[in-house]
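Single-letter residue listing:
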Amino acid sequence: MEGQPKKQWGVTSAISEAQPAAKDLELNDQLVETLKRNNNFETPEGTQNRVKVLAHFQRVVEELVVRVCRRKGLAQSTISSAGGKVFAFGSYALGVYNPGSDIDTLVVAPRHVNRDDFFDDFPKTFRELSAAEDITEFVPVREAYVPIIKMVYCGVSIDLIFVSLQACSSVPRDLSLTDKNLLRGLDDTGMRSVNGTRVTAELLESVPQVKAFRHATRAIKLWSSQRAIYGAVFGYPGGVAWAIMVARICQLYPFACGATIVSKFFTLMGKWHWPRPVMLKAIEEGTMGLRVWNPQIYPADKSHMMPIITPAFPSMCATHTVMPSTKAVMLGEFTRAEEIANLVVAGKKSWSDLFERHTFFTKDHKYYLSIVAACTTKEAHDLFSGLVQSKVRILVKGIDDSAIGVEVARPYVKYFERVHRCHTEDQVDRIKQGNMDFLIPDDKAPSNAATGKPVNGDNSDGLYTIYTTTFYIGLTLSEDSNKQLDISYPVSEFKRYITMSDTYDQQTMSVRVIHTRNYDLPADVFVEGETRPTKPVKEKKKKHSSKTAKRSFTEMDPNDSQNATAKRRQSEHNGVATPTPA
């Protein structure tokens, strides 16, 4: 009706309320077709499989709750009504999942079942109620910022987190988490766990057009994955954070189609006045003693570099892991994407150009750090690799915070799992330092690897089997660094966090950080069509006296007794091995 105020989406008025023109709709059709060519939509069969998987998890959770309650001697009436519920959130609940997407899943239990009960009892209960061949990965990570079990079941990747509602003695299947009173009594970990489900519901209510939001979010998720800037564990925005950013652009252009949202996204996010937060609604003041994001009160909140604030109470920062290096990488990617998007709109490029694969291994860096997590058993490897992954950003932040001549330390968002077989302990040590001479195909791994039993030199064939997971950090050196770097202190701190963990077992686990040149990178980090860097041929130079020769970055060894800084600051043995040619 005339005279009524227009609805405002978000905390400010819209930039434009223009309807999409015919050209905009044509660009949107082209965008959707490009997404389809990139296998960005799940098949009906795949969707049905996901529904089946979630139904199975619901049955397992209800059985888990019953078992824990019985073990604690609770009354049968309490056990019968205890319940338990599985919530899906993230990309699946937002309707932007693809065949390769995981399902973010929250297990909600009544107060009788705590977090320790879940991590102690769920693995056994799940395995008993599931076919062994359907479980191809199962990795609990208790010590993560949000404790999680990562698994693959029936071909679907699952990220499973847990919360015990202290306000509830019963969790029925029709429970909704929209009621704030359900948050009473939760600790910080519980709040972080339950927040994702509440955020998903609020997010969908915050956008003017769900269809445009979904098209744009699919595009941004694909773009960020292709450009290797997706994943909170490594210091980039995760799926929810990217979705909130897209939702904010939708609010500023409430009638725009998906293609327009994508184009505006890169322009606005690239020029955003960070650390001004991206918010979908005004932050609700804290009640019930719950902490709400507030940089004026909390120093930790003030340190957030690119704050993306969740819309559900209590508001939190979804990008607390962003560091100077990852921020710099993202700003560079925003600039690149804006240039391409403008050319797409002008008809000079296609959407496929936007989604070109990154050049992390082929062009972006000359120097890398290879973080090799090695174990002597498959069971230990599954646990340890998750622990090391959760700590990689500690090393990146340590390098960022140190004035050691590194302009950008860029963590790669994927890891590489390998299996090796060798004959001697010396060869084992070489493997732990990144040597690839003893690599075997995954299908040639010992048949008992799946049981989790050790496969060491005690085997009848007298061979050692070593399982490794390698993470990579690309280094861009400062112009004035002269390649004189000492990263011993950040490395020692990184290793200290790992070795202090209850998960760490010195007998079966080790972690090494190795300097690696681009031409020494293993072949399996490159995909078909990529050109592997080659070692440059240098002209011979006159030899200098050993007393005056300077050592290059790749020759620096933090264990060197001549390294005064390492000697002064390190409290335990730690080192960065020199690179081993792959």
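The name given to the protein in an unreviewed UniProt entry is Poly(A) polymerase, with the source organism recorded as Clohesyomyces aquaticus. The protein has a UniProt comment under Function (unreviewed entry) that states "Polymerase that creates the 3'-poly(A) tail of mRNA's." Reading the Subcellular location (unreviewed entry) entry of the UniProt record for the protein gives the comment "Nucleus".

### Description of the overall build of the protein
Scanning the protein for helices and strands turns up 16 helices and 12 strands. Evaluated residue by residue, the protein yields a buried proportion of 52% over its 582 residues. By sequence separation, contacts in the protein at least 24 residues apart represent 74% of the contacts at least 6 residues apart. Summed over its atoms, the accessible surface of the protein is roughly 27400 Å², and 49% of this surface lies on carbon and sulfur atoms.

### Some details on the UniProt feature "binding site: ATP" (unreviewed entry) in the protein
When the UniProt feature table is mapped onto this chain, "binding site: ATP" (unreviewed entry) is found at Phe89, Gly90, Ser91, Asp102, Ile103, Asp104, Asp159, Lys221, Tyr230, Gly239 and Val240. Structurally, the position occupied by Gly90 is in helix α4 (residues 90-94). Beyond its immediate chain neighbours, meaning those up to four positions away, Gly90 contacts Asp104 and Thr200. With respect to the helices and strands, Asp159 occurs in strand β5 (residues 156-165). When its relative accessible area of 13% is taken as the criterion, Asp159 is described as buried.

### What to know about the packing of helix α7 (residues 210-226) against helix α8 (residues 239-252)
Where α7 meets α8, the axes come as close as 9 Å, and the angle between the chain directions of the two elements is 135 degrees. When the axis of α7 is compared with that of α8, the two are oblique. The way α7 lies across α8 gives a crossing that is right-handed. Each of Phe213, Ala216, Thr217, Ile220, Trp223 and Ser224 in α7 lies in contact with α8, whose residues at this interface are Trp242, Ala243, Val246, Ala247 and Cys250. Residue composition of the contact of α7 with α8, by class: nine nonpolar, two polar and no charged.

### A closer look at the packing of aromatic side chains
As enumerated under the stated definition, the model contains 31 aromatic pairs in all. Between Phe234 and Phe471, the ring centres sit 6.4 Å apart and the planes meet at 50 degrees, which makes this aromatic pair tilted. One end of the pair, Phe234, is in the loop between α7 and α8; the other, Phe471, is in strand β10 (residues 464-477), with 237 residues separating them in the sequence. With respect to burial, Phe234 and Phe471 carry one shared label: buried. Here the aromatic residues Phe57, Phe118, Phe119, Phe122, Phe126, Phe138, Tyr153 and Phe162 are joined through ring pairs into a cluster of three or more. The ring of Phe313 is capped by Lys180, whose NZ or CZ atom sits 4.8 Å from the centre of that ring. Taking NZ or CZ as reference, Arg291 lies 3.9 Å from the ring centre of Tyr298, over its face.

### Structural notes on the packing of α7 against helix α9 (residues 258-270)
At a closest axis distance of 8 Å, the pairing of α7 and α9 adopts a crossing angle of 50 degrees. Relative to α9, α7 is oriented oblique. Every pair of crossing elements has a handedness; the one defined by α7 and α9 is right-handed. Residues Ala212, His215, Ala216, Ala219, Ile220 and Trp223 of α7 touch α9, and the partners they reach there are Gly258, Ile261, Val262, Phe265 and Phe266.

Reading the values: rules and limits
Residue positions within a chain follow its written sequence, with the count starting from 1. Whole-chain, interface and lining totals are the exception, using all residues; otherwise, since this is a predicted model, local features are given only for residues with pLDDT of at least 70 and side-chain atom pairs are given and counted only at 80 or more. By convention in this description, side-chain values take in all heavy atoms of the structure and omit both hydrogens and water. UniProt positions are given in the numbering used here, feature names are shortened, and annotations may be inferred rather than shown by experiment. In this text, helices come from DSSP runs of H or I with a minimum length of four residues, and strands from runs of E with a minimum of two, each type numbered from the N-terminal end. To sort residues, take the accessible area from a 1.4 Å probe on protein chains only and compare it with the maximum for the residue type: under 20% means buried, over 50% means exposed, and anything in between is partly exposed. Residue contacts are defined here by distance: any two heavy atoms, one from each residue, within 4.5 Å place the two residues in contact. Under the convention used here, a 1.4 Å probe and the Shrake-Rupley method define accessible areas, while residue burial counts only the protein chains that appear. Every axis corresponds to a line fitted to the C-alpha atoms, with the helix fit spanning only the stretch in contact, and the corresponding angles, defined between N-to-C directions, vary from 0 to 180 degrees. The cut-offs work like this: below 35 degrees is roughly parallel, past 145 is roughly antiparallel, 65 to 115 is roughly perpendicular, and the gaps in between are oblique. The handedness criterion is simple: a crossing whose near helix is rotated anticlockwise from the far helix by less than a right angle is left-handed, and one whose near helix is rotated clockwise is right-handed. Under the scheme applied, nonpolar residues are Ala, Val, Leu, Ile, Met, Phe, Trp, Tyr, Cys and Pro; charged residues are Asp, Glu, Lys and Arg; polar residues are all the others, including Gly. Side-chain rings of Phe, Tyr and Trp (the six-membered ring for Trp) are treated as a pair once their centres are within 6.5 Å; stacked means planes under 30 degrees apart, edge-to-face means over 60, and tilted covers the remaining angles. Charges are assigned to positions over rings by a cutoff of 6 Å between ring centre and Lys NZ or Arg CZ, combined with an angular limit of 35 degrees from the ring normal.

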